[in-house]
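# Structure at a glance
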Amino acid sequence: MLDHTATNLATLLDDPSLLKTQGYVNGAWIDGDTGTFEVTNPARGDVIAEVADLSRAQVGTAIDAAYAAQKEWASWTGKERAQALRKWFDLMMANQKDLGTILTAEQGKPLNEAVGEIAYGASFIEFFGEEAKRVYGETIPGHQRDKRITVMKQPIGVAASITPWNFPNAMITRKAAPALAAGCAFVARPASETPLSAIALAVLAERAGIPAGVFNVVPSSSASEVGKEFCENPKVRKITFTGSTEVGRILLRQAADQVMKCSMELGGNAPFIVFDDADLDAAVEGAIMCKFRNNGQTCVCANRIYVQAGVYDAFAEKLKAAVARMKVGDGLEEGTDLGPLITTEAIEKVQQHIADAKSKGAEVILGGGDVLQGAGNFIEPTIVTGATRDMLFSTDETFGPLAPLFKFETEDDVIELANDTIFGLASYFYAKDLSRVYKVAEALEYGIVGVNTGIISTEVAPFGGVKQSGLGREGSHHGIEDFLEMKYVCMSV
Ligand SMILES: NC(=O)C1=CN([C@@H]2O[C@H](COP(=O)(O)OP(=O)(O)OC[C@H]3O[C@@H](n4cnc5c(N)ncnc54)[C@H](OP(=O)(O)O)[C@@H]3O)[C@@H](O)[C@H]2O)C=CC1
Ligand SMILES: O=C(O)[C@H](O)CS(=O)(=O)O
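Residues numbered from 1 in each chain as written. Chains lettered and ligands numbered in written order. Predicted model: local features only at pLDDT ≥ 70, side-chain atom pairs only at ≥ 80, totals over all residues. Heavy atoms only, no water.

In terms of helices and strands, the protein chain carries 13 helices and 20 strands. Computed over its C-alpha atoms, the radius of gyration of the protein chain comes to 23 Å, within 12% of the 23 Å expected for a compact globule of 493 residues. The C-alpha extent of the protein chain, read off along each of the three principal axes, is 70 × 65 × 40 Å. Across the 493 residues of the protein chain, 57% fall into the buried class. Restricting to contacts in the protein chain with at least 6 residues of sequence separation, those with at least 24 account for 73%. Carbon and sulfur atoms make up 52% of the accessible area of the protein chain, which amounts to about 18,800 Å² in all. (Helix = DSSP H or I, 4+ residues; strand = E, 2+ residues; numbered from the N terminus. Rg over C-alpha atoms; globule rule 2.2 N^0.38 Å. Buried < 20%, exposed > 50% of the residue type's maximum accessible area, 1.4 Å probe, protein only. Contact = heavy atoms within 4.5 Å. Areas by Shrake-Rupley, 256 points an atom, 1.4 Å probe, with all protein chains shown as cover.)

Put into structure tokens, the structure is as follows:
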């Protein structure tokens, strides 16, 4: 474990100019009217930056700038917007390691995961740059001999985003890319824990020649005030949010007053099912990636692991051996598999879930949730067996390195168990029998089903949830529709 010296982030970068701490509004770098707020490295506990704390009035100014810039941006051809987005993509990839270092320093994930997130985030800009040229309309045969009907799609206007700390780059680009490709202007409010990655995106947007006012970043310590400005300002026509279902409900209620279009990527509670006929080694590998990516801090992480009785003990032993080999440490350190959790509250939630499970009869076969020594938010990964549906992790998202193993007997039993949640984002199962694969994939009530894989995230597919996991889809050619309005023209000839 590192001795937790100060991070001195700028000294770790090839291009320290990527490390800015101001807001980016209408093409200008601005300080916050309400001072600054601190950003800390969750692995070392040291303050790595003091970031501009923009006021609600300054967020309003950013919205005004976006409103003023949007019409001109929408007048560009799809190809012209595509060329600007391509330059932004190229700059992100050229600065991938620096962007990853900034991300790890403020969020904590291992550097290889952070660098991977940059490529994932950039892939949305590349993909939707291409889609900018394919916003097609249609003609419809008239309902009367003298009528002609054409349908056109136009950008919705100003879109505003609120995003979480767990993917500080990709959650912004997954929204900004389709918005800008569609001809919208964008105001991004990043999580207060991780604003530096968003600001670095603005540095590169400016270098890519994206016009002033089209892409704005408004760091702020007050999320609720910014959320209210986004929902109450009549110049904003779309709010797009990634985060907890609880906050999603707040924003939906606030947006209702203006009947604002909303995209919501909310909480999850993913089941990960291992059938008797699964390739056990593949299932263990998939469980490791699905459960421990970002140290369990993703909305698509396996939250409940169901293993059929015939392979339960073998799977538990294999998983325990694999997790025991994982290294907990500073994400900036070579060889780290599991970084810190984002806050001490996140640690307490994992410990609460472990204590609850033990009190209801679960057995800890690895770990136990002890905090590891050092200034960072480090906690040992834990596996429990004997998990049952009355335990907290059956209904609540753990959002940390806890793998609860549930035993099940039949296919019908596990489908009922898997679907018994208010959430419906991601689900996974390992099996070989083809008819079982088809039946289970159709029966799972989720927006995403991973079959014999633990990683489902890609820019080419429509990411999103059903039930209380959200509204709308991000990624794939569907993703741009959320930033377009459809209009038809009925003409008498
Ligand atoms: N479906 C998905 O793709 C994802 C879902 N999530 C879910 O989010 C949760 C974990 O992420 P977490 O960041 O803690 O979630 P939160 O919902 O607490 O925060 C998400 C964002 O919303 C902001 N926020 C908080 N309260 C308000 C408010 N009243 N009005 C406007 N904005 C607000 C936060 O700001 P600040 O941090 O500055 O307080 C942050 O930027 C988990 O439940 C996880 O499943 C997370 C990521 C992806
Ligand atoms: O915030 C998240 O958890 C992401 O949506 C998960 S993913 O898209 O990176 O898989």
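For the rest of this paragraph, the subject is the UniProt feature "active site" (unreviewed entry) in the protein chain. Mapped onto this numbering, the UniProt entry annotates "active site" (unreviewed entry) at Glu265. Among the structural elements, Glu265 can be located in strand 11 (residues 261–265). Classification of Glu265 as buried rests on a relative accessible area of 3%. (UniProt positions renumbered as here; feature names shortened; annotations may be inferred.)

Another point: the domain arrangement of the protein chain. Interfaces are often sized by the amount of accessible area the parts lose when they come together. Annotation of the protein chain at the domain level lists domain 1 (12–266) and domain 2 (270–451). The interface of domain 1 with domain 2 comprises 22 residues on the first partner and 24 residues on the second. Among the residues of domain 1 in contact with domain 2, Pro42, Ala43 and Trp165 are the three that bury the most area, contributing 26% of the side total. Between the two partners, domain 1 and domain 2, sit one salt bridge. (Domains from an automatic or database assignment. Buried area = accessible area lost by both parts, 1.4 Å probe. Salt bridge = Lys/Arg side-chain N within 4 Å of Asp/Glu carboxyl O.)

Turning next to empty space enclosed by the protein. Under the counting rule described, the total for this entry stands at three cavities of 30 Å³ or more. Here the largest cavity is characterised by a volume of approximately 70 Å³. Lining the largest cavity are Tyr120, Phe167, Met171, Arg174, Arg293, Thr298, Cys299, Val300, Ser457 and Phe463. For the lining of the largest cavity, the domains that each give at least three residues are domain 1 (12–266) and domain 2 (270–451). Looking at the second largest cavity, its volume works out to about 40 Å³. As for the second largest cavity, its lining consists of Met289, Cys290, Arg293, Thr298, Val300, Cys301, Tyr428, Gly454, Ile455, Ile456 and Ser457. (1 Å grid on protein atoms, 1.4 Å probe; cavity = no way out; pocket = protein on both sides within 12 Å on 5 of 7 lines; lining within 4 Å. Points joined across faces, edges and corners; volume = space filled by probe spheres on them.)

So, on to the pairing of strand 10 (residues 236–242). Two faces belong to every sheet, and in a regular strand the side chains alternate between them. Counting buried positions along strand 10 gives six out of seven residues, so the element sits mostly inside the fold. Alignment of strand 7 (residues 158–162) against strand 10, held across five bridges, turns out to be parallel. Bridge assignment links Ala160 to a residue of strand 10, and that residue is Ile239. Taking the sense of rotation as the criterion, the β-α-β connection linking strand 10, helix 8 (residues 245–256) and strand 11 turns out right-handed. (Pairing = 2+ DSSP bridges. Right-handed = clockwise from strand over helix to strand, strands pointing away.)

To continue, consider the site of ligand 1. Taken together, 27 residues are adjacent to ligand 1, and Thr163, Ser192, Ser244, Leu266 and Glu397 come closest. A distance of 2.3 Å is found between a nitrogen atom of ligand 1 and a backbone nitrogen or oxygen belonging to Leu266. Contact with the protein chains covers 84% of the free accessible surface of ligand 1, which is 880 Å². Structurally, ligand 1 is housed in the largest pocket. Looking at the shell around ligand 1, the elements with two or more residues in it are helix 7 (223–232), strand 10 and helix 8. When grouped by side-chain class, the residues that make up the shell around ligand 1 number 13 nonpolar, nine polar and five charged. When residues are assigned to domains, the shell around ligand 1 turns out to be shared by domain 1 (12–266) and domain 2 (270–451), each giving three or more. (Near = heavy atom within 4 Å. Polar contact = N/O pair within 3.5 Å; in protein donor to acceptor, adjacent residues only side chain to side chain. Sits in = over half its atoms within 2 Å of the grid points. Nonpolar A, V, L, I, M, F, W, Y, C, P; charged D, E, K, R; others polar.)

Next up on the list: the sheet that holds strand 6 (residues 147–155). Pairing is antiparallel in the open sheet, where three strands are placed in the order 5-6-20. If you trace the sheet from one side to the other, it starts and ends with strand 5 (138–140) and strand 20 (484–492), each paired once. Each neighbouring strand pair of the sheet contributes to a mean axis angle of 25 degrees, computed without reference to strand direction. The sheet contact formed by strand 6 and strand 20 spans nine bridges and is antiparallel. For Thr150, the partnering residue across the bridge sits in strand 20 and is Val489. (Axes fitted to C-alpha atoms, helices over the stretch in contact; angles between N-to-C directions.)

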